[in-house]
Amino acid sequence: MADFDIVAIGEPLYELNRQPEGHFLPGFGGDTLNVAIAAARLGSRSAYITRLGPDIFAAEIEALMRREGIGMAGVRSDTEAPTGLYFVTHGPGGHVFTYRRRGSAASLMTPADLDPGLIASAQYLHASGISQAISASAAETVAAAIAIARAHGVKVSFDTNFRPRLWTAAAARGPIEASAAQADVLKTSSEDCQALLGLASPEDIARHFLGLGSKAVIVTLGRDGAFVATSAGAARLPGCRVDAVDATGAGDAFTGALLAELARGVPLADAASFANQAAALSTRGYGAIAPLPRRDEVETARATSG
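All values reported here derive from a predicted model rather than from experimental measurement. (Residues numbered from 1 in each chain as written. Predicted model: local features only at pLDDT ≥ 70, side-chain atom pairs only at ≥ 80, totals over all residues. Heavy atoms only, no water.)

## Quick notes on the sheet that holds strand 7 (residues 94-100)
Next, step 1: Pairing in this open sheet of four strands is mixed, and the strands run 3-2-6-7 from one edge to the other. Two strands in the sheet have a free side with no partner beyond their single neighbour: strand 3 (24-29) and strand 7. Neighbouring strand axes in the sheet, compared pairwise and without regard to direction, differ in orientation by 25 degrees on average.
Next, step 2: As defined by bridge partners, strand 2 (residues 13-18) adjoins strand 3 across six bridges and the pair is classed as antiparallel. Opposite Leu16, over in strand 3, you have Pro26 as the bridge partner. (Pairing = 2+ DSSP bridges. Helix = DSSP H or I, 4+ residues; strand = E, 2+ residues; numbered from the N terminus. Axes fitted to C-alpha atoms, helices over the stretch in contact; angles between N-to-C directions.)

## Looking at the packing of aromatic side chains
Pairs of aromatic rings are described using the distance from one ring centre to the other and the angle between the two planes.
Next, step 1: Summed over all chains, the structure comprises six aromatic pairs.
Next, step 2: Arranged with centres 5.6 Å apart and planes meeting at 90 degrees, the rings of Tyr14 and Phe28 form a pair that is edge-to-face. Taken as a pair, Tyr14 in strand 2 and Phe28 in strand 3 lie far apart in primary sequence, 14 residues in all.
Next, step 3: Overall, Phe28 belongs to the buried group, its relative accessible area being 13%.
Next, step 4: With a centroid separation of 4.9 Å and an interplanar angle of 50 degrees, the aromatic rings of Tyr14 and Phe57 are classed as tilted. On the criterion of sequence distance, the pair formed by Tyr14 in strand 2 and Phe57 in helix 2 (residues 56-68) is long-range, its members being 43 residues apart. (Phe/Tyr/Trp six-rings, centres within 6.5 Å; stacked < 30°, edge-to-face > 60°. Buried < 20%, exposed > 50% of the residue type's maximum accessible area, 1.4 Å probe, protein only.)

## Some points on the pattern of salt bridges
When the charged atoms of two side chains with opposite charge come close together, those side chains can pair.
Next, step 1: Counting across every chain of the model gives 13 salt bridges.
Next, step 2: As a salt-bridge pair, Asp5 and Arg45 come within 2.7 Å of each other at their nearest N and O atoms. Of this pair, Asp5 sits in strand 1 (residues 4-9) while Arg45 sits in the loop between helix 1 (31-41) and strand 4 (46-52); the two residues are 40 residues apart in sequence, bridging distant segments of the chain.
Next, step 3: Residue Asp5 is classed as buried on the basis of its relative accessible area, which comes to 8%.
Next, step 4: We note a salt bridge from Glu11 to Arg101, for which the minimum N-O separation is 2.9 Å. Here the residue Glu11 occupies a position in the loop between strand 1 and strand 2, and Arg101 occupies one in the loop between strand 7 and helix 3 (116-120), the gap between them amounting to 90 residues. Of the two residues, Glu11 and Arg101, neither departs from the other in class, the shared state being buried.
Next, step 5: The network of salt bridges with common partners includes Glu261, Arg264, Arg295 and Glu299. (Salt bridge = Lys/Arg side-chain N within 4 Å of Asp/Glu carboxyl O.)

## Here's the deal with the pairing of strand 6 (residues 85-91)
Next, step 1: Sheet topology places strand 2 next to strand 6; four bridges connect them, and they run parallel. Within strand 6, the position partnered with Leu16 by the bridge is Phe87.
Next, step 2: By the bridge criterion, seven bridges tie strand 6 to strand 7 in an arrangement that is antiparallel. Across the sheet, the residue bridging to Tyr86 is Tyr99, located in strand 7.
Next, step 3: Count of turn residues in the strand 6/strand 7 antiparallel hairpin: two residues.

## A look at the sheet that holds strand 1
Next, step 1: Within the open sheet, the nine strands sit side by side as 5-4-1-8-9-10-11-12-13. Their pairing is mixed. In the strand order of this sheet, the two ends are held by strand 5 (71-77) and strand 13 (233-237), each with one partner. Taking the axes of each pair of neighbouring strands and ignoring which way they run, one obtains an average angle of 15 degrees across the sheet.
Next, step 2: Across the sheet, helix 9 (residues 250-263) touches strand 1, strand 8 (122-128), strand 9 (155-159), strand 10 (185-189), strand 11 (216-220) and strand 12 (226-230), and the angle it forms with strand 8 is around 165 degrees. (Contact = heavy atoms within 4.5 Å.)

## Some remarks on the environment of Thr220
Next, step 1: Relative to the elements of secondary structure, Thr220 occurs in strand 11.
Next, step 2: C-alpha of Thr220 to C-alpha of Arg236: the two residues are 16 residues apart in sequence and 9.9 Å apart in space.

This is a description of form; function is not addressed.
Rendered as structure tokens:
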């Protein structure tokens, strides 16, 4: 039995989320940390790989990980570089992110920071395009982590999470596709692929990534649900309706729930359906991590809607 269901790698961030009355609600985020915690709240054993700075934000992120039961053997300390921050504001077009992360501790990760034994102890290694985009050395570290996972028979989960403010489509496509080609689970979105690949339909997106070598492709479609595809076939899953107030981190909630179910041996389509519900519930509150649901909430919502 593996020590961990999921080991994730990337950058945790301290979050300040602007509320309707104007003040900023403190919280936490960072796409791969969101995934690790989303899975942990659903019963998975999660661990995290990153670097944190010598500041109050790092101390609060570490306290969060301890509260959520996240394994921290892969968390390194940096005495010079800061922990990254981001702000979330809301408007008619949805939520907007403003980052203060340049030169962050996590962006200085190198392959030497990796513990091969930690990665080898997992069922799934999870990384993302953001984990790669924050610096060249972080991209090298992600590639090294994936190589370790593959060498030890650990399944790879990868989310494209393309962010044009971090790198151009031309710069991102090669590293993202190289990781996608090695992914047992490739999660992307219609918005990502329109910007990164010029592909709009989920069928075309799935065909592209399956052609690269991804074993399973999940294309999230926002309120319209998700499209799930493997070489054996494809299915479109309807969305789940909730009274949403903030979609920050909803895609990460989906991925965390998906991996939590797959780690339990649930078939892909059923795991994606569960993840759809978890992602919808995560939009009912503000912030990326605070509203992430627990298993009883997801199961109750599924029973009620079904």
